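Now for the letters of each chain:
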Amino acid sequence: MDQLGKQKRSKERIQIIIDTAEQILLERGIDAITIANISKYSGLKRTSTYKFFPTTNSLKSVMIDSYIKKCSKEFESKSINISTNQSSVIILRTVEILFNFFQNSKAAQIIILSNTLTPTMPSKSIHELSSQVQAFVDMNIELPDMFNKDGVFRVLTQIIISVFSLNAKESGALNEVGKIEANRAAHAYLLNWINQSS
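First, a word on what this report is: a plain description of the structure on this page. Every value quoted in this text rests on a predicted model; they were computed, and no experiment measured them. (Residues numbered from 1 in each chain as written. Predicted model: local features only at pLDDT ≥ 70, side-chain atom pairs only at ≥ 80, totals over all residues. Heavy atoms only, no water.)

**So, helix α2 (residues 35-42)**
I35, N37, I38, S39 and S42 are the residues of α2 that are buried. Looking at the packing, one finds that the buried side of α2 touches α1 (3-28), α3 (46-52) and α4 (56-78). Directly after α2, the chain includes G43, whose backbone phi takes a positive value near 85 degrees. (Buried < 20%, exposed > 50% of the residue type's maximum accessible area, 1.4 Å probe, protein only. Helix = DSSP H or I, 4+ residues; strand = E, 2+ residues; numbered from the N terminus. Contact = heavy atoms within 4.5 Å.)

This is the structure we're talking about:
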């Protein structure tokens with residue numbers, strides 16, 4: 001088999017493993033994502049799974065990365081200019097877009113928000129998402145010069161996700177309380193930076 005054929009087959013196997021892991025996650029929970037179960041439900045040999053994902057945490061990290069990237073794309077498509085300079089309105093819309101993504105993706109909600117021992121979220125995909133949030137805020141509000149603006153928006157994005165996570169763990173699922181509290185926390189954080197930089 002030529003190199004391109006091998007690469008294609010490897011990509012297909014990786015996708016089968018990820019799809020199988022998502023199915024297991026939704027039907028049986030995060031603890032059921034094991035190499036043995038992946039092999040059992042995907043029909044692939046254990047050695048194939050180990051070749052691409054030596055540990056279940058490496059597989060979970062790839063899944064988290066994939067969901068954050070989907071979230072980032074969704075955010076980009078829904079974050080249009082809403083012609084307001086009120087930071088409260090902009091942050092509320094930011095929180096709503098992220099909230100709706102997690103509400104509509106049960107798998108992302110389980111593995112990112114509800115999981116107590118989540119593998120570290122991949123920094124590259126979090127950067128992409130926080131860049132989308134920053135672009136949306138910049139589109140609507142003329143912010144003062146901030147020290148480490150990229151860092152401010154990474155923290156802002158993480159605050160929203162962290163509050164969602166706390167809400168999902170306490171309530172068993174993400175709900176309106178999480179949305180309200182995430183909005184309050186994110187807006188307070190941004191206002192603090194605006195006031196310091198003015």
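**Focus: the nonpolar core**
Counting 55 residues, the largest nonpolar core has I33, L59, M63, I112 and F164 as its most contacted members. Of all the secondary-structure elements, those providing two or more residues to this core are α1, α4, α5 (87-104), α6 (106-114), α7 (123-140), α8 (149-171) and α9 (176-197). Beyond its immediate chain neighbours, meaning those up to four positions away, L59 contacts I17, I18, A21, I33, I38 and F53. (Core = buried A, V, L, I, M, F, W, Y, C linked by side-chain atoms within 4.5 Å.)

**Here's the deal with the packing of α5 against α8**
Where α5 contacts α8, the axes come no closer than 11 Å and their chain directions differ by 50 degrees. Relative to α8, α5 is oriented oblique. Here α5 runs over α8; the crossing is right-handed. Two secondary-structure elements touch here, α5 through I91, T94, V95, L98, F99 and F102 and α8 through L156, I160 and F164. Tallied by class, the residues present in the contact of α5 with α8 amount to 8 nonpolar, 1 polar and no charged. (Axes fitted to C-alpha atoms, helices over the stretch in contact; angles between N-to-C directions. Parallel < 35°, antiparallel > 145°, perpendicular 65-115°, else oblique. Left-handed = near helix turned anticlockwise from the far one by under 90°. Nonpolar A, V, L, I, M, F, W, Y, C, P; charged D, E, K, R; others polar.)

**Section: the environment of N167**
Note on placement: N167 falls in helix α8. Residue class for N167 comes out buried when judged on its relative accessible area of 7%. Sequence separation between N167 and I90 is 77 residues; the distance between their C-alpha atoms is 22 Å. Once residues within four sequence positions are removed from consideration, N167 is found in contact with G172, A173, L174, N175, V177 and G178. Reaching out from N167, the side chain makes a polar contact with the backbone nitrogen of G178 at a distance of 3.5 Å. (Polar contact = N/O pair within 3.5 Å; in protein donor to acceptor, adjacent residues only side chain to side chain.)

**Points about the pattern of salt bridges**
Side chains that differ in sign of charge can pair as their charged atoms come close. Scanning all chains against the criterion turns up 7 salt bridges. A salt bridge links E12 to K8; the shortest N-O distance between them is 3.0 Å. With E12 and K8 both in helix α1 and 4 residues apart, the pair spans about one turn of that helix. Note on K8: relative accessible area 53%, which makes it exposed. The shortest N-O distance in the salt bridge between E181 and R184 comes to 2.9 Å. On the criterion of helical spacing, the pair formed by E181 and R184 is a turn pair, its members being 3 residues apart in helix α9. (Salt bridge = Lys/Arg side-chain N within 4 Å of Asp/Glu carboxyl O.)

Keep in mind that these numbers describe shape and distance, not what the molecule does.
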